[in-house]
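# Survey of secondary and tertiary structure
Listed here are the chains, written in short residue letters.
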Amino acid sequence: MDLDTRLLRYFAVVAEEGTLTNAAQRLFVSQPALTKQIRRLENALGVRLFTRSRSGMTLTEAGRELASRVPALLHGWDEAVRATGRAAWVLRLGFLDAGAVGAVPEVIAEFRRARPQWRVELRQCDWSDPSAGLTRGEVHAAVVRLPFPGQESFTVRELFVEERGVLLPARHPLANSETVEFRELVDEPFVAAGAGAGAGTGAWREHWLATQERDGHPVRVGAVTSRPDEWLGAVAAGCVALAPASVPRFYSHPGVVFRPVTGIPPSRVGLARPRRRTHDAALDELLEAIAQRLSRS
């Protein structure tokens, strides 16, 4: 019988969290989607893994047996994937936006010249996965915006901070202001990241809605997107969105303007990698070079 390792990863998180709500937030997927995946796993195995109740998800005897074996199984699989990558001389680095990556392509070019046998792949992920491919095991490391759901499961090195501003429709009353105070925006419809995340409300999403700086004002979500073109289109259509100060250098739209914002903390950019790993000199060398370059920029 063949099983998708993603199902086992979902099972492991639900078993650890004890509730679908917490597990969905940690995985940055919707609760209905997570429920469907757990049922797929149960159907494939032909056993009930959880007893469901209002208080949460309790492992059955079969579930406890599987839970005791899954961590070693997934660790072995991850090691196999990393070993395969090393054998193929490939390193994969995930990222979300060009502003966070900065001079990384230059670092990669230098690395390739020094180690021509290695191929380095930069993989951009959409905003439905703030871990930039790490949670799904698709990359060896990632340049990420902090905080992101599941961050505690990875080794994270903070690199630099970047001020945040706001994207406004060009016709917005505040579009001609030199600086906008965040309190002037609390009643505006915001663009929320994560089109594929359903009801996900992780710290990353909350950071870009500035939920901690609203003094009790509820968030008005005017659109949910996961890609830059959709994001800018939603703003041009009447929403607003918080964004890193680097955004105007990489993304533009004739109906959108960027203005600095006061009253909110900056964005933090970090370099993340799995905690469990074998020593890999090439990856260590690449990540150290990236950290040194981005920390100086």
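In what follows, the structure referred to is the one given above.
Now for a look at the structure at hand. As the structure is a prediction and not an experimental result, all values here were calculated from the model. Within any chain, residue numbers begin from 1 and follow the written order of that chain's sequence. Residues qualify for local features only when their pLDDT is at least 70, as the model is predicted, and side-chain atom pairs are given and counted only at 80 or more; totals for whole chains, interfaces and linings, by contrast, use all residues. Note that the side-chain values use all heavy atoms of the structure and ignore hydrogens as well as water.

## Regarding the sheet that holds strand β7 (residues 164–169)
Spatially, 4 strands are ordered β8-β12-β7-β11 in an open sheet, and the strand pairing comes out mixed. Strand pairing shows two members of the sheet lacking a second neighbour, β8 (180–181) and β11 (241–244), which therefore form its edges. Direction of pairing for β7 relative to strand β12 (residues 256–262): antiparallel, over a ladder of 5 bridges. Bridge pairing in β12 places L168 opposite V257. In this scheme, strands are said to pair when DSSP sees at least two bridges between them. Think of it this way: any DSSP run of H or I at least four residues long counts as a helix, any run of E at least two long counts as a strand, and we number them from the N terminus.

## Here we look at the nonpolar core
Each nonpolar core is a collection of buried residues, namely Ala, Val, Leu, Ile, Met, Phe, Trp, Tyr and Cys, held together in the definition by side-chain atoms within 4.5 Å. With a 1.4 Å probe rolled over the protein chains alone, any residue whose accessible area is under 20% of its type maximum counts as buried; one over 50% counts as exposed, and the rest are partly exposed. In terms of nonpolar packing, the biggest core is built from 47 residues, with V166, L167, L168, F182, L185, W231 and L242 touching the most fellow members. Going through the elements one at a time, β5 (141–146), β7, β9 (189–193), α7 (203–209), α8 (228–236), β11 and β12 are the ones with two or more residues in this core. Note on contacts: a residue pair qualifies if any of its non-hydrogen atoms lie within 4.5 Å across the two residues. Setting aside anything within four residues of it in sequence, one finds L242 in contact with R164, G165, V166, F182, F190, H207, W208, L209, A210, W231 and I264.

## Side note on the environment of L159
Among the secondary structure elements, L159 is positioned in strand β6 (residues 154–162). A C-alpha to C-alpha distance of 30 Å links L159 and D215, two positions 56 residues apart in sequence. Discounting chain neighbours no more than four positions away, the residues touching L159 are V269, G270, L271, A291, L294 and S295.

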